[in-house]
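As a plain string of letters, each chain reads:
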Amino acid sequence: MAAPQPPPYPGFRHDLAGGQFPAGQPYPAQQYPAGQPYPQGQQFPKPPGQEYPSAPGDPPGNYAAYGMPPTVQDLSFKEESISGWTGFSDKAIRAVFVRKVYFILMIQLLFSLAVISLFVFERRVKLFVRKNIFVYYISYAIFLGVYIALACCGNLRRKYPTNMILLSIFTMSMSYMLGTISSFYNTDVVLMAVGICAAVCLAVSVFSFHTKFDFTSCGGILFILVWVLFLFGILTIFTYNRIMTTIYAGCGALLFVLFLAYDTQMLMGGKKHELSPEEHVFAAMQIYLDIVYIFMFLLTILGSGEK
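Throughout this document, residue positions are counted from 1 along each chain, in the order its sequence is written. Local features are withheld for residues below a pLDDT of 70 in this predicted model, meaning they are given only at 70 or higher, and side-chain atom pairs are given and counted only at 80 or more; totals for whole chains, interfaces and linings count all residues. To obtain the side-chain values, all non-hydrogen atoms of the structure were used and water was disregarded.

## Looking at the UniProt feature "transmembrane region" (unreviewed entry) in the protein
For step 1, the next point in the chain: As recorded in UniProt, the sites labelled "transmembrane region" (unreviewed entry) are residues 101–121, 133–153, 165–185, 191–209, 221–240, 246–262 and 282–302.
For step 2, the next point in the chain: A helix fraction of 100% and a strand fraction of 0% characterise residues 191–209, whose end C-alpha atoms lie 27 Å from each other. UniProt positions are given in the numbering used here, feature names are shortened, and annotations may be inferred rather than shown by experiment. Numbering of helices and strands runs from the N terminus; a helix is a DSSP stretch of H or I covering at least four residues, while a strand is a stretch of E covering at least two.

Below is the structure:
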């Protein structure tokens, strides 16, 4: 004997069964369209030719229209390769970025070293820059203007070839300043400063690569130390003393060693703060300036016994 069918709701029309229902009347959960109860325990038929082969561990259901749901391995792969800067693609991009920055930095340092060698070993050039000191101030003004433009205008330092042209002008002006300053020191003092600066920068760079300490989280402390050093420098100008100048140069060299570690970790990434792979000009400029300031402070320390 067949089971009794549930009575239709008030206002039910058989000619509209399976189509649209009267407005304002909820469809009862217990009634199937056309007045038939929904058969329990029956699987919805899959379209022919679209069935997925079942495998052990596959979730039950029909995935003909929507495809198989993603597994845990698929989700973890997407998180590693797409989300943020944590996947293999980021490591590859970061490696290319680091190589590009150090290639630019190597060219800058080699050019500066060549200019310093010319100004130190060539006597006529040394005498020329000593007599025409106004060229030094012109190069300082050019250096300051280009540095402000590159540091403050993101479009300039990211747009090729404008960024390379400005970086070249920046490097040439700074190299002339370094050569002019080095011409006032003895040759052996300059060579000692170059050697010590190279050894210190190499050691700091290797240490920054492998240490677990995050120097990028100390930006506020470094900013305060820069202002302290700036005020200390003003004091040494008006109260010149050889011992005070040596202490000032030592503090400056130590501070820019910390800045070198800070900028190196910003370049490498993986810390609290990191540079974008588009900022290769800015990264090379900052590390170059750190090395230049370390060299000048070492030159001041080693040459403090001279006039």
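What follows continues from the structure just given.
## Here's the deal with the confidence of the model for the protein
For step 1, the next point in the chain: The predictor attaches a confidence to each residue, called pLDDT, with possible values from 0 through 100. Residues with a pLDDT of 70 or more make up 69% of the protein, whose mean pLDDT is 75.
For step 2, the next point in the chain: Element-level pLDDT for the protein is lowest in helix α1 (residues 72–81), with a mean of 42, against a maximum mean of 90 in helix α6 (residues 162–182).
For step 3, the next point in the chain: Note on definitions: a residue-residue contact is assigned when non-hydrogen atoms from the two residues lie within 4.5 Å. In the model, residues 62–66 has pLDDT below 50 throughout and makes 8 contacts with residues more than four positions away in sequence or in other chains.
For step 4, the next point in the chain: Overall, residues 72–89 carries pLDDT values under 50, and its contacts beyond four positions in sequence, including any with other chains, amount to 12 contacts.

## Observations regarding the packing of helix α4 (residues 134–152) against α6
For step 1, the next point in the chain: Every angle, taken between N-to-C directions, lies between 0 and 180 degrees, and every axis is a line fitted to C-alpha atoms, over only the stretch in contact when it is a helix. One can describe the packing of α4 onto α6 by two numbers: an axis separation of 9 Å at closest approach and a directional angle of 145 degrees. Between α4 and α6 the crossing geometry is left-handed. Here α4 contributes V135, Y136, S139, Y140, I142, F143, V146, Y147 and L150 to the contact with α6, which in turn contributes L166, L167, I169, F170, S173, M174, Y176, M177, T180 and I181.
For step 2, the next point in the chain: Classifying every residue of the contact of α4 with α6 by side-chain character gives 16 nonpolar, 3 polar and no charged. Crossing chirality is assigned from the near helix's rotation relative to the far helix, an anticlockwise turn below a right angle marking it left-handed and a clockwise turn marking it right-handed. Residues are grouped as follows: nonpolar covers Ala, Val, Leu, Ile, Met, Phe, Trp, Tyr, Cys and Pro; charged covers Asp, Glu, Lys and Arg; every other residue, Gly included, is treated as polar.

## With respect to the packing of α6 against helix α10 (residues 280–302)
For step 1, the next point in the chain: The interhelical angle for the contact between α6 and α10, taken along N-to-C directions, is 0 degrees, at an axis separation of 11 Å. By the criterion of interaxial angle, the relationship of α6 to α10 is roughly parallel. On α10, the residues touching N163, M164, L167, F170, T171, M174, S175, L178, I181 and S182 of α6 are H280, V281, M285, Y288, L289, V292, F295, M296 and L299. An angle counts as roughly parallel when it lies under 35 degrees, as roughly antiparallel when it exceeds 145, as roughly perpendicular when it falls between 65 and 115, and as oblique in every other case.

## Remarks on the packing of aromatic side chains
For step 1, the next point in the chain: Planes of paired rings set the category: under 30 degrees apart is stacked, over 60 is edge-to-face and the rest tilted, where pairs are Phe, Tyr or Trp rings (Trp by its six-membered ring) whose centres lie within 6.5 Å. In the structure shown here, the tally under the stated rule is 14 aromatic pairs.
For step 2, the next point in the chain: Relative to Y176, the ring of F119 lies with its centre 5.4 Å away and its plane at 90 degrees, an arrangement referred to as edge-to-face. Of this pair, F119 sits in helix α2 (residues 88–121) while Y176 sits in helix α6, and the two are 57 residues apart along the sequence.
For step 3, the next point in the chain: With a 1.4 Å probe rolled over the protein chains alone, any residue whose accessible area is under 20% of its type maximum counts as buried; one over 50% counts as exposed, and the rest are partly exposed. Given the relative accessible area of 7%, F119 is considered buried.
For step 4, the next point in the chain: Aromatic ring contacts, followed pair by pair, group F232, Y248, F256, F259, Y293 and F297 into a single cluster.
For step 5, the next point in the chain: Any Lys NZ or Arg CZ that is within 6 Å of a ring centre and within 35 degrees of that ring's normal is treated as a charge sitting over the ring. We note R130 situated over the ring of F184; from NZ or CZ to the ring centre the distance is 5.4 Å.

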